[in-house]
Amino acid sequence: MNRRGIGITKRGAVKTVLLLFLILAAAFPPAAFSAEPGLEDIRRAAVAASPELRKLETSKQNQILAKMAYYFRHIPSLRASANASYNLLPKAPTPALDRLDAGAALSISGTLSIFDGGKSKIERANLALDESALDAQTQARLFAVMEEADSRYFACLEAEAAVKTAELQAQIGAVALETAEIRREGGILSPSDYYLALSNKSAADSSLAAAQTGLALARRRLEQLTGSAGIADLLPLDFGDYEDLLGAISRWTMEEISARFLKLKEILASRSPALKSAYITLKRAENEYSLAKSAFWPSLDLSASFNLGYDFMQISADPLSYGASLSLSGTIPLDYWTLINSEQRQKNSLENSRLDYEDTLASFDIDLQSQLFTLAGNARTLIANRRQAEYSALLLEQQQELFHLSSVSMASFLDAASRSLSGETQKNRAEFSFLRSLSALKSLGAFGDDELLSLLGG
């Protein structure tokens, strides 16, 4: 079985990114938003407000305590006690002081496992796996939160663009209706064109109301994610930062996509949170199976103890008592029917975990290829929609001039306006679809922004 050399202890730069974001989130709480928060501000606020990440931090603390508790077993046990009693009903007359009995004791004991069939080694390995699993889970959750922050930030900007487009549509509708009323009064406009202008103005007003509602909802969803209220204006994205990458991706051939897939697959094998978690689950199942097999082996323990006592009421003799002992003990399991049953169950669980891991690898391959194809498709769609929006805007400009000269009908002018507005809307959607596909790929491999852009554009 090919495990692709997934490293669960070499976290390196990825762990640095994780710690950096958590530190930044703590240093800049949601209340520290600037007048126009940008994408990084939204990400930090979302990380700081995430209840899942806070719970994972608590789990990390519990994991440290559990690790300490495991090693506490190797520290000698120390106990101290004191007692006092008074006999109220003696069998014979006894002086009151003689009825009192009081003492104290101190005990130190410890046990050292000389041989346990490898159980201790497996338990220590499981502790390390638990730590790696929590790191992978935290990393996955962190990038999922940032991806959601990206998505909601883009949704707000897209909604803002939709409002601007709807406002332009309403302005065009108002101009068309005003012109229609003037021409109708002059008797040079047919009733059908007038009703068309009225219908277009009503549709434009409805679209503007819907766009404003969509923007308000998008802002509320962003506020809910970041735990902040009153987010009004967002810092717009400079899409010029992505132009070179967009051009490069739009020119990818099938062979280049396949080459990118193989390159990213090799990189992601050691850093993808999903693959790390799957690999850790498999290793944990292997350890549990080894633990079940180790139960067949005998165990040998060495124990030592020291006891110190003091009798406060002892007068005639030495009140101090002490003792020490050293013992060697061993156990041999004989209930092999129970052990064989447990081993077989763990073996079946291991096989299921191995199948799950192989399925995860296969699913990851499909997911990565899908992300790359989607990214390339979105890049080409964006370039095509930009051309369409440009041509539609030129057509509207030409039709508007002719409409003012009464050289084209109301229907032709409004159709050109509809085409231009639709082209602008499609262009805006394509831009944010491209950005979302970049964000999804970044989350898949736990990449930083600059790192991902370098990998895709190089």
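One can find the structure itself at the top, above this paragraph.
Residues numbered from 1 in each chain as written. Predicted model: local features only at pLDDT ≥ 70, side-chain atom pairs only at ≥ 80, totals over all residues. Heavy atoms only, no water.

### Digging into the packing of aromatic side chains
Under the definition given, this model contains 10 aromatic pairs. The interplanar angle of 5° and the centroid separation of 4.6 Å between the aromatic rings of F403 and F413 together place this pair among those described as stacked. Residue F403 is found in helix α9 (residues 336–404), and its partner F413 is found in helix α10 (residues 410–445); the two are separated by 10 residues along the sequence. Each of the two residues, F403 as well as F413, counts as buried. Positioned above the aromatic ring of Y194 is the side chain of R184, whose terminal nitrogen or guanidinium carbon lies 4.3 Å from the ring centre. (Phe/Tyr/Trp six-rings, centres within 6.5 Å; stacked < 30°, edge-to-face > 60°. Helix = DSSP H or I, 4+ residues; strand = E, 2+ residues; numbered from the N terminus. Buried < 20%, exposed > 50% of the residue type's maximum accessible area, 1.4 Å probe, protein only. Lys NZ or Arg CZ within 6 Å of the ring centre and 35° of its normal.)

### A short note on the packing of helix α2 (residues 39–49) against helix α5 (residues 191–226)
Between α2 and α5, the shortest axis-to-axis distance is 7 Å and the interhelical angle comes to 55°. One element, α2, and the other, α5, form an angle in the oblique class. For the pair α2 and α5, contact is made by I42, A45, A46 and A49 and by L222, L225 and T226, respectively. Taken together, the residues of the contact of α2 with α5 break down into 6 nonpolar, 1 polar and no charged. (Axes fitted to C-alpha atoms, helices over the stretch in contact; angles between N-to-C directions. Parallel < 35°, antiparallel > 145°, perpendicular 65-115°, else oblique. Contact = heavy atoms within 4.5 Å. Nonpolar A, V, L, I, M, F, W, Y, C, P; charged D, E, K, R; others polar.)

### Quick word on the nonpolar core
Formed by 67 residues in total, the largest nonpolar core has its most connected members in I249, L368, L372, F434 and L456. The element contributing the most residues to this core is helix α4 (residues 119–185), with 14 residues. Excluding residues within four positions of it along the chain, L372 makes contact with W252, I257, R260, F261, L264, L441 and L456. Judged by nonpolar contacts, the second largest core, of 15 residues, contains A180, Y194, A197 and L414. (Core = buried A, V, L, I, M, F, W, Y, C linked by side-chain atoms within 4.5 Å.)

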